[in-house]
Amino acid sequence: PIPCVPWQSQTSGQYQRRVHGQKEEQGNVPTKKLLEGKRKIEDSGCSLNEAAAMEKELYWEGGTEDPFHVYRRTTGLPLMTLAEVRADHKGETWVILDGGVYNVTSFLEAHPGGASRIEMVNGQDLRKFWEIYTLHDRPHIRALLERYRIGNLSAEDAKRAYDETPEFGNYYEGDPKRVRQDELRIPTIHPYNAEPQLHSLIDNYYTPNDLFFVRNHNSVPDIDGCEWRLEVSGDNEKWGVSAKSFSLADLRTKFPRVEVISTLQCAGNRQEDFVRRDRPLYVAPHWRNGAIGNAKWAGVRVRDILRDCGVDVDKVALRQKEYPGMKIVNFVGADEDETGVPYAGVLPIEKVIDPFGDAILAYEMNGENPST
């Protein structure tokens with residue numbers, strides 16, 4: 001078992017913390033109370049259900065000896081004008097926060113939310129965007145940002161930068177309402193990510209759809225099943241893949257229906273167990289241990305669709321035929337970020353064409369339309 005970072009016990013009123021690799025006992029500490037108005041969910045495992053209280057303990061700003069103390073460089077850096085910051089920097093991305101100027105170009109490809117989401121803030125104040133993406137405004141994120149600080153604005157220009165930054169529209173306002181949201185732990189609301197309590201995962205062999213963990217990277221698209229189309233194409237003309245378009249009705253009627261019982265788990269499940277004072281967690285959401293679920297999925301094999309589009313999947317599986325350069329199948333989703341970049345995921349071609357495999361496009365989850 002992976003050892004948990006020790007939090008305050010919710011039953012004994014005792015807690016521990018690690019200092020320089022050694023365990024330091026702290027006794028007779030009153031058990032923290034849930035904030036009024038907050039959802040009173042009893043968290044299982046080793047962590048509190050109060051994210052704010054947890055981060056206050058982990059990322060305390062107790063002084064410069066604390067690696068999470070946000071040291072702001074206000075000296076030794078040039079005083080810039082707002083016009084300089086907003087000038088053309090030949091492909092570089094400069095952003096502003098609390099009067100600091102940051103060149104975050106080298107961080108773009110490392111941003112979990114994608115480069116385009118930072119590039120759209122170029123020359124503007126981050127605070128307007130963080131009012132929507134509140135998960136960013138945390139001490140360790142601010143501390144990381146300081147590494148990219150290249151200058152400062154005057155107080156007047158800092159105020160003007162904020163005032164002139166347009167209000168950032170919340171494109172998550174159309175997300176569906178979650179009927180059982182109060183029963184879930186929600187690490188982030190924008191985008192919406194949620195995990196059930198551990199005890200609910202063992203109540204049913206098939207995790208109920210409305211309690212299944214949700215991992216979103218963007219807002220939830222509003223799709224009309226009657227209008228939706230699956231577009232299939234190949235990148236290399238030499239493969240001979242016929243570009244085709246399928247409706248949802250086509251998938252249900254033209255191909256064999258396949259059922260697969262499968263447990264899904266987010267790659268980041270339990271990642272909060274690895275958080276230490278000297279190693280914060282930058283990738284969201286901060287899953288505890290509920291980003292996992294089991295369901296009966298029904299749909300069509302991806303290999304059947306590829307066969308219909310001209311790929312000789314049987315000969316490929318038997319290694320009797322090769323398609324040079326055909327390495328992956330790229331699944332591009334309908335959900336896009338604010339700049340129009342869609343979310344996508346890939347599977348190796350060997351996985352997809354395996355006749356004994358379970359790669360399907362699912363149109364049912366536990367006997368229901370997944371969107372319901």
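Here the structure is a predicted model, which means the values were calculated and not measured.

Draft legend 1. Structural detail: the environment of Lys-315. Tracing the chain through its elements places Lys-315 in helix α10 (residues 313-317). Distance in space between the C-alpha atoms of Lys-315 and Ile-353 is 9.8 Å, their sequence separation being 38 residues.

Draft legend 2. A look at the pattern of salt bridges. The final tally for this structure, using the stated rule, is 27 salt bridges. For Arg-127, the salt bridge goes to Asp-125, with nearest N and O atoms at 3.4 Å. What makes Arg-127 partly exposed here is its relative accessible area of 30%. Between Glu-364 and Arg-257 there is a salt bridge, with the nearest N and O atoms lying 2.5 Å from each other. Placement of Glu-364 in strand β16 (residues 360-365) and of Arg-257 in the loop between α8 (248-253) and β12 (258-265) is noted, with a sequence separation of 107 residues between them. Since its relative accessible area comes to 44%, Arg-257 is described here as partly exposed. Linked by salt bridges that have partners in common, Asp-98, Asp-125, Arg-127, Asp-137 and Arg-142 make up one network.

Draft legend 3. Molecular detail of the packing of aromatic side chains. Per the counting criterion, the structure on display carries 10 aromatic pairs. Pairing Tyr-133 with Phe-168 gives two aromatic rings, centres 6.3 Å apart and planes at 35°, and the pair type is tilted. Residue Tyr-133 is found in the loop between α4 (126-130) and α5 (139-145), and its partner Phe-168 is found in the loop between α6 (155-164) and β7 (184-188); the two are separated by 35 residues along the sequence. Taking relative accessible area as the criterion, Tyr-133 reaches 8% and is therefore assigned buried. Note on Phe-168: relative accessible area 15%, which makes it buried. With a centroid separation of 5.8 Å and 85° between ring planes, the pair formed by Tyr-133 and Tyr-172 is classed as edge-to-face. With a gap of 39 residues between them, Tyr-133 in the loop between α4 and α5 and Tyr-172 in the loop between α6 and β7 connect regions that are remote in the sequence. Of the two residues, Tyr-133 and Tyr-172, both sit in the buried class. In this arrangement the basic side chain of Lys-128 is found over the ring face of Tyr-162, its NZ or CZ atom lying 4.5 Å from the centre.

Reading the values: the criteria
- Residues numbered from 1 in each chain as written.
- Predicted model: local features only at pLDDT ≥ 70, side-chain atom pairs only at ≥ 80, totals over all residues.
- Heavy atoms only, no water.
- Helix = DSSP H or I, 4+ residues; strand = E, 2+ residues; numbered from the N terminus.
- Salt bridge = Lys/Arg side-chain N within 4 Å of Asp/Glu carboxyl O.
- Buried < 20%, exposed > 50% of the residue type's maximum accessible area, 1.4 Å probe, protein only.
- Phe/Tyr/Trp six-rings, centres within 6.5 Å; stacked < 30°, edge-to-face > 60°.
- Lys NZ or Arg CZ within 6 Å of the ring centre and 35° of its normal.

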